[in-house]
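Observations on chain architecture
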Amino acid sequence: DGSAPALTVSPGEQRLAASPIVLKGKAVFGSTDIAVQIAKLGMGPSSLSAGTLPYSQTDGSLGIDAGFELALAQAADYAARLAPEPMARLESASGTLGGLAAFKLKGEDWRAGIRIDKSDAALQAKGLPGPVRVSRAAVDIDRRGMKLDTAALSMPAGNLSLSGARYAFKDGAAAGALEYDL
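Residues numbered from 1 in each chain as written. Predicted model: local features only at pLDDT ≥ 70, side-chain atom pairs only at ≥ 80, totals over all residues. Heavy atoms only, no water.

1. Structural notes on the packing of aromatic side chains
- Per the stated rule, a full pass over the model turns up 1 aromatic pair.
- Between the aromatic rings of Tyr167 and Phe169, the centroid separation amounts to 5.9 Å while the plane-to-plane angle is 70°, which identifies the pairing as edge-to-face.
- Tyr167 sits in the partly exposed class, given a relative accessible area of 36%.
- The exposure class assigned to Phe169 is partly exposed, which follows from its relative accessible area of 40%. (Phe/Tyr/Trp six-rings, centres within 6.5 Å; stacked < 30°, edge-to-face > 60°. Buried < 20%, exposed > 50% of the residue type's maximum accessible area, 1.4 Å probe, protein only.)

2. Details of the nonpolar core
- Membership of the largest hydrophobic core is limited to 11 residues, which are Phe68, Leu72, Ala76, Ala93, Leu97, Ile116, Ala121, Ala137, Leu148, Ala151 and Ala165.
- Elements represented by at least two residues in this core include exactly helix H1 (72–82) and strand S13 (145–155).
- Excluding residues within four positions of it along the chain, Ile116 makes contact with Phe68, Leu97, Gly98, Gly99, Arg136 and Ala137. (Core = buried A, V, L, I, M, F, W, Y, C linked by side-chain atoms within 4.5 Å. Helix = DSSP H or I, 4+ residues; strand = E, 2+ residues; numbered from the N terminus. Contact = heavy atoms within 4.5 Å.)

3. Digging into the layout of surface pockets
- Taken as a whole, the largest pocket holds about 410 Å³ of empty space.
- Every residue lining the largest pocket is counted, 22 residues in all, and those nearest its centre are Met43, Ser46, Leu70, Gln74 and Tyr78.
- Sorting the residues of the lining of the largest pocket by element identifies strand S2 (7–9), strand S3 (16–18), strand S6 (46–56), strand S7 (62–71), H1 and strand S9 (96–106) as the ones contributing at least two each.
- Sorting elements by how many residues they give to the lining of the largest pocket places S7 first, with 5 residues.
- A class-by-class count of the residues in the lining of the largest pocket yields 18 nonpolar, 3 polar and 1 charged. (1 Å grid on protein atoms, 1.4 Å probe; cavity = no way out; pocket = protein on both sides within 12 Å on 5 of 7 lines; lining within 4 Å. Points joined across faces, edges and corners; volume = space filled by probe spheres on them. Nonpolar A, V, L, I, M, F, W, Y, C, P; charged D, E, K, R; others polar.)

4. Comments concerning unusual backbone geometry
- Note the cis peptide between Ser19 and Pro20, where omega equals -10°.
- The residue Pro20 is located in the loop between S3 and strand S4 (21–29) in this model.
- In this structure, Ala50 is a non-glycine residue whose phi angle is positive, near 45°.
- Within the secondary structure, Ala50 is located in strand S6.
- Classification of Ala50 as exposed rests on a relative accessible area of 69%.

5. A word on the environment of Ala112
- Within the secondary structure, Ala112 is located in strand S10 (residues 109–119).
- Sequence-distant contacts of Ala112, defined by excluding residues within four places in its chain, comprise Ala102, Phe103, Val139, Asp140 and Ile141.

Set out below in structure tokens:
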């Protein structure tokens, strides 16, 4: 367990700071495996919790499964500092996305997934009459493609729900279902 008043990272010319930093967890060592159990890793208003980071010396696999709370204003600020041109259209970001995140790496295979099941997040882009709100989402990506199980957005014009969407990196094949209430 530990804490620090702040953490500052300086990629290139930029300075990214988070305050306070909180770490609560433990490491478990076996003869061929190591697991870091995260009770909480807080970085300012964003955090990881109830997570496990396992590593196996036997097959070289590495992973992480954790709950998360992502403060959108903090994430948008970091993104704007690191990639100002793509982020120039974003006027504001507010609220928090909460859910589960996972990443697995074993040899050439990898898989990442995010499930958003709690959200009061809103993004306001230049030129839009009001904010876009994310209510839920579930996406998995690996070296072969991307699968979006569900995504639900609301905006001043109405609601959008996307389900069963798939995209294959190799041949660009795509499919999905979109429902809207405008």
